[in-house]
Amino acid sequence: MQGKKFVAAHPWAILAAGAGIQLLTGLPAAWGVLQQPVRETYGLGELGATAAFSVLIASYGAGCVIGGFLQDKHGPRCAALWGTALLEAGLWGAAFLPAGAGWAVALAFSVPAGLGTAFLYPAIQSCAQKWYQGRKGFATGVIGAAAGLSGAFLALFIRTLTPLWGLRRVFGALGALSLPVCLAGAALLQDPPRSAPAGPKAGTGPDYPPGRMLRTRQYWLCTAAVCLSTPAVLLFSPIILRLGAQRGLAEGEAVWAVVLGSVGSTAGRLLMPLLSDRLGRRPTDLLLFAASAGLSAGFAFARGWAVVGVYAGLTFCYSALAAVLPAFSTDLFGLPHAGVNYGFLALGQSAGSLLFPLLAGALGLEAGRHWLALGAAAAGFGCIWFLKPTEAKTPKM
């Protein structure tokens, strides 16, 4: 009861809890420094390690739907606690997985860790938006910034400690570090009372149950845009260290692509949702897709430190698109079913994370990955261009 009163009097505690959890759970953003240690520790080739990354992202998308149902039915705390349990299972599963057992990485680590982060992220974002209905971009931006910083923190953590301890012990250390933070954060998560103030810009907005949402043109266009946002970064994040080395960066310099990529991700997640509160979600997404297309073209010719700069710009756009999505979702389809509706939209990320790497591999693309990313960004721009509000009461898009 005291906890409920504290959060009701200090709703910033929801943002603090969400940011604390996200800081330690951004494993996908740190995969650029995980790729090689995973290969060496578990005896995987590049294709196998990339597949483990794709399964991690795909599990995240599928888990968003399950976690969304759980959150909407039983509340954000329940979803966050289940997410913590699954994340810990993945981290400790990787810690105890025998060396050379590459065939089991996806099962022991990628699936539970992807599901766990999926249960956590939508629960946090949906809860925060309910407390900050009039400033949804601000709420998602604060939590998204922590998710972006997570990539930099985890990259440095993994890069520093893996040579000393080995990757399996590093996974165990992450499990021990994240458990108390996630449990404490989950304990604070709760939906606001009906009488809670929604802020100066709050409105009633639309109310689409999942079944109704799935029958709308807006859902399919938005999900397609989410899918098409993925290749600009996900085609390159598993191989960014190798790509940097091929284009003139020393090994120690190539690591900065991961670190500054995380800085770009943080900036995108913080700044663009705030801009979308003023500019509208749709114009913001159009701007981001246009920038992503231009940067994808430039990335094909980048050499030396330009690789780091362009990659940071791409992570800015990709992460900003992901950070604007929760607010865009509730603008289109409302808050009452925010968790599960966001989960269905996140299936676009799962589809993109599987489809585009498989397509690039099947076509034998190397330099052609850049043009695939450019084409996808242009198609994503088209999807958002044709996306219209669902109802007259929908907030500014």
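Residues numbered from 1 in each chain as written. Predicted model: local features only at pLDDT ≥ 70, side-chain atom pairs only at ≥ 80, totals over all residues. Heavy atoms only, no water.

What follows is about the overall build of the protein. On a plain count of helices and strands, the protein comes out with 17 helices and zero strands. Judged by the C-alpha coordinates and their principal axes, the protein covers about 55 × 45 × 35 Å. Expressed as a percentage of its 397 residues, the buried residues of the protein come to 59%. Within the protein, contacts between residues separated by at least 24 positions form 85% of all contacts whose residues are at least 6 apart in sequence. Looking at the protein as shown, the accessible area adds up to about 15,200 Å², and 69% of this sits on carbon and sulfur atoms. For the protein, the distance from the average site of its 27 positive side-chain charges to the average site of its 13 negative ones is 7 Å. (Helix = DSSP H or I, 4+ residues; strand = E, 2+ residues; numbered from the N terminus. Buried < 20%, exposed > 50% of the residue type's maximum accessible area, 1.4 Å probe, protein only. Contact = heavy atoms within 4.5 Å. Areas by Shrake-Rupley, 256 points an atom, 1.4 Å probe, with all protein chains shown as cover. Lys, Arg positive; Asp, Glu negative; His and termini not counted. Charge placed at Lys NZ, Arg CZ, Asp CG, Glu CD.)

Our focus in this paragraph is a nonpolar patch on the surface. There is a patch of nonpolar side chains on the surface, built from Leu-23, Leu-149, Phe-153 and Leu-177 and spanning about 300 Å² of accessible area. By the secondary structure assignment, Leu-149 is in helix H7 (residues 136-165). (Patch = residues over 30% accessible without salt bridge, like charges linked within 9 Å, V, L, I, M, F, W, Y side chains within 5 Å. Salt bridge = Lys/Arg side-chain N within 4 Å of Asp/Glu carboxyl O.)

Our focus in this paragraph is the packing of aromatic side chains. A ring pair, where both rings are aromatic, is described by two values, the distance of the centres and the angle of the planes. Summed over all chains, the structure comprises 13 aromatic pairs. Geometrically, the ring pair formed by Phe-69 and Phe-344 is edge-to-face, given 6.2 Å between the ring centres and 85° between the ring planes. Of this pair, Phe-69 sits in helix H4 (residues 46-74) while Phe-344 sits in helix H16 (residues 338-362); the two residues are 275 residues apart in sequence, bridging distant segments of the chain. When the ring of Phe-381 is compared with that of Trp-385, the centres are 6.1 Å apart and the planes differ by 15°; the resulting orientation is stacked. Remark: Trp-385 and Phe-381 occur in helix H17 (residues 368-385); sequence separation between them is four residues, near one turn of the helix. Assessed through its relative accessible area of 29%, Phe-381 is described here as partly exposed. Trp-385 gets classed as partly exposed once you look at its relative accessible area, which sits at 45%. (Phe/Tyr/Trp six-rings, centres within 6.5 Å; stacked < 30°, edge-to-face > 60°.)

Next up on the list: the confidence of the model for the protein. A residue-level look at the protein finds 94% of positions with pLDDT of 70 or above and a mean pLDDT of 86. Low pLDDT (under 50) marks residues 195-203, which in the prediction has ten contacts with non-local residues, meaning those over four places away or in another chain. Below a pLDDT of 50 lies the segment residues 392-396, which in the model reaches twelve contacts outside its immediate sequence neighbourhood of four places, other chains included. (pLDDT = per-residue confidence, 0-100.)

Here we take up the nonpolar core. The nonpolar side chains of a soluble globular protein tend to be buried, and buried together. Among the nonpolar cores identified, the biggest contains 114 residues, and Leu-27, Phe-171, Ile-240 and Phe-299 are the most heavily contacted of them. Among the elements that take part in this core, helix H15 (residues 305-333) stands out by supplying 14 residues, more than any other. In contact with Phe-299, not counting residues within four places along its chain, are Phe-236, Ile-240, Leu-243, Arg-247, Val-307, Val-310, Tyr-311, Leu-314 and His-370. (Core = buried A, V, L, I, M, F, W, Y, C linked by side-chain atoms within 4.5 Å.)

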